[in-house]
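# Geometric and topological summary
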Amino acid sequence: MRILAGRWSRVGWGVLALLLLNLQVAWARPQQMHIMEGFLPPLWCVLWASVAVPFWIIGFRQISRLVREQPETRLLLGVAGAYAFVLSALKIPSVTGSSSHPTGTGLGAILFGPFVMSMLGTIVLLFQALLLAHGGLTTLGANAVSMAIVGPLVAWGIWKALYGRAPIWLSIFLAAAMANLLTYVTTSVQLALAYPDPLGGFLASLVKFATVFAVTQIPLAISEGILTVIIFNALRVAAPDELKTSGVQGVV
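Residues numbered from 1 in each chain as written. Predicted model: local features only at pLDDT ≥ 70, side-chain atom pairs only at ≥ 80, totals over all residues. Heavy atoms only, no water.

### Overview of the overall build of the protein chain
Along the backbone of the protein chain there are nine helices and two strands. Mapped in sequence order, the helices and strands of the protein chain form the string α-α-α-β-β-α-α-α-α-α-α. For the protein chain, the residues scored as buried account for 48% of the 252 residues in total. Within the protein chain, residue pairs in contact and separated by at least 24 positions form 77% of the contacts whose partners lie at least 6 positions apart. (Helix = DSSP H or I, 4+ residues; strand = E, 2+ residues; numbered from the N terminus. Buried < 20%, exposed > 50% of the residue type's maximum accessible area, 1.4 Å probe, protein only. Contact = heavy atoms within 4.5 Å.)

In structure tokens form, the structure reads like this:
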């Protein structure tokens, strides 16, 4: 037990250090990429929330069953949630006048699947909206669809498609990086639907919004993929039993 506690302590201190760094960055940079409070028309807020609700219900049920049947996975759930919170609250100014950030949802999707991560990601977005004014309550559904639903689905799909067919590090890297990138593509689609270009319509607006984020998001997605591989390797050392319990086999 002491050995296990020591391993989790090292992981916990690492997450705490990232969190403290994140709080400094969050307060120093007022820009944000999550769709902010009041930015979307009410109709689109309701529509995206309606899309997210089924994922929230399934995710809540899966987390409840997981905690009840495998209580030893609670620490790993906490790590996945904290990782997403820290990374997705890092607001990095973009040369295009916007701001970008990692998402951190790929790790949880690999460990627990997309539905669990949809619930964890939404909780992360809710706390960010309430504590950091990062995102909003009316836009919670839209932000959840892009970061907590589409991103994890992409990560989980890539992980499942490449598992056993490619090196583990490559599978994790691609899953995390593409989850990040597709989150921003989804947000661009959401904004383009809500605010089509007066002349070119949806497609012209989509190109504009996607271009705003593409310059910084591609290298940021690569960076997140590398960091997720590093964190996953740390978990292989600190929590091999928990990884097996969560269903990630053949990695220890």
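### Remarks on a nonpolar patch on the surface
Together, Ile-123, Leu-126, Phe-127, Leu-130, Leu-131 and Leu-137 make up an exposed nonpolar region whose accessible area comes to about 550 Å². Here Leu-130 is to be found in helix 5 (residues 114–131). (Patch = residues over 30% accessible without salt bridge, like charges linked within 9 Å, V, L, I, M, F, W, Y side chains within 5 Å. Areas by Shrake-Rupley, 256 points an atom, 1.4 Å probe, with all protein chains shown as cover. Salt bridge = Lys/Arg side-chain N within 4 Å of Asp/Glu carboxyl O.)

### Thoughts on the packing of aromatic side chains
Enumeration over the complete set of coordinates arrives at five aromatic pairs. Measuring from ring centre to ring centre gives 5.3 Å for Phe-39 and Tyr-195, while their planes differ by 55°; the resulting arrangement is tilted. One end of the pair, Phe-39, is in the loop between helix 1 (2–28) and helix 2 (42–69); the other, Tyr-195, is in the loop between helix 7 (168–194) and helix 8 (201–238), and 156 residues separate them in sequence. Under the relative-accessibility criterion, Phe-39 is labelled partly exposed at 31%. (Phe/Tyr/Trp six-rings, centres within 6.5 Å; stacked < 30°, edge-to-face > 60°.)

### Details of the packing of helix 6 (residues 140–162) against helix 7
Contact geometry for helix 6 and helix 7: axes closest at 7 Å, N-to-C directions at 150°. One way to sum up the angle between helix 6 and helix 7 is to call them roughly antiparallel. The way helix 6 lies across helix 7 gives a crossing that is right-handed. For the pair helix 6 and helix 7, the contacting residues are Ala-142, Val-145, Ser-146, Met-147, Val-150, Gly-151, Val-154, Ala-155, Ile-158, Trp-159 and Leu-162 in the first and Ile-168, Ser-171, Ile-172, Leu-174, Ala-175, Met-178, Ala-179, Leu-182, Thr-183, Thr-186, Thr-187 and Gln-190 in the second. Here the residues of the contact of helix 6 with helix 7 are counted per class, giving 16 nonpolar, seven polar and no charged. (Axes fitted to C-alpha atoms, helices over the stretch in contact; angles between N-to-C directions. Parallel < 35°, antiparallel > 145°, perpendicular 65-115°, else oblique. Left-handed = near helix turned anticlockwise from the far one by under 90°. Nonpolar A, V, L, I, M, F, W, Y, C, P; charged D, E, K, R; others polar.)

### Considering the nonpolar core
Of all hydrophobic cores here, the largest spans 53 residues; its most connected members are Leu-40, Leu-111, Phe-112, Leu-120 and Leu-235. For this core, the elements supplying multiple residues, two or more each, are helix 2, helix 3 (74–88), helix 4 (105–112), helix 5, helix 6, helix 7 and helix 8. Sort the elements by how many residues they give to this core and helix 6 lands first, with 10 residues. (Core = buried A, V, L, I, M, F, W, Y, C linked by side-chain atoms within 4.5 Å.)

### Examining the pattern of salt bridges
The final tally for this structure, using the stated rule, is one salt bridge. In this structure, the salt-bridge partner of Asp-197 is Lys-208, at a minimum N-O distance of 2.5 Å. Taken together, the positions of Asp-197 in the loop between helix 7 and helix 8 and Lys-208 in helix 8 put the pair 11 residues apart, joining distant regions of the chain.

### Observations regarding the packing of helix 2 against helix 6
Two numbers describe how helix 2 lies on helix 6: the axes approach to 8 Å, and their chain directions differ by 45°. Taken together, the axes of helix 2 and helix 6 lie oblique to each other. Here helix 2 and helix 6 pass one another in a crossing that is left-handed. In this structure, helix 2 uses Trp-48, Ala-49, Val-51, Ala-52, Phe-55 and Trp-56 to contact helix 6, whose residues at the interface are Gly-141, Ala-142, Ala-144, Val-145, Ile-149 and Leu-153. Residue composition of the contact of helix 2 with helix 6, by class: 11 nonpolar, one polar and no charged.

### Quick word on helix 3
End to end, helix 3 covers 21 Å across 15 residues, agreeing with the expected 21 Å (1.5 Å per residue, within 8%). Of all 15 residues in helix 3, 11 are buried, a share of seventy percent or more. (Expected span 1.5 Å × (residues − 1).)

### As for the environment of Gly-136
Structurally, the position occupied by Gly-136 is in the loop between helix 5 and helix 6. Distance in space between the C-alpha atoms of Gly-136 and Met-36 is 5.2 Å, their sequence separation being 100 residues. Residue contacts for Gly-136: discarding those within four places in its chain leaves Ile-35, Glu-37, Ala-129 and Asn-143.

### Details of helix 2
In this model helix 2 runs 40 Å from its N-terminal to its C-terminal C-alpha over 28 residues, within 8% of the 40 Å that 1.5 Å per residue would give. Along helix 2, the largest kink reaches about 30° and is centred on Ala-52; proline Pro-54 follows within four residues of it. Inspection of helix 2 places Trp-44, Cys-45, Trp-48, Ala-52, Phe-55, Trp-56, Gly-59, Ile-63 and Leu-66 among the buried residues, and these make up the whole buried set. Elements in contact with the buried residues of helix 2: helix 3, helix 4, helix 5, helix 6 and helix 7. (Bend = angle between axes of the 7 residues up to and from the residue.)

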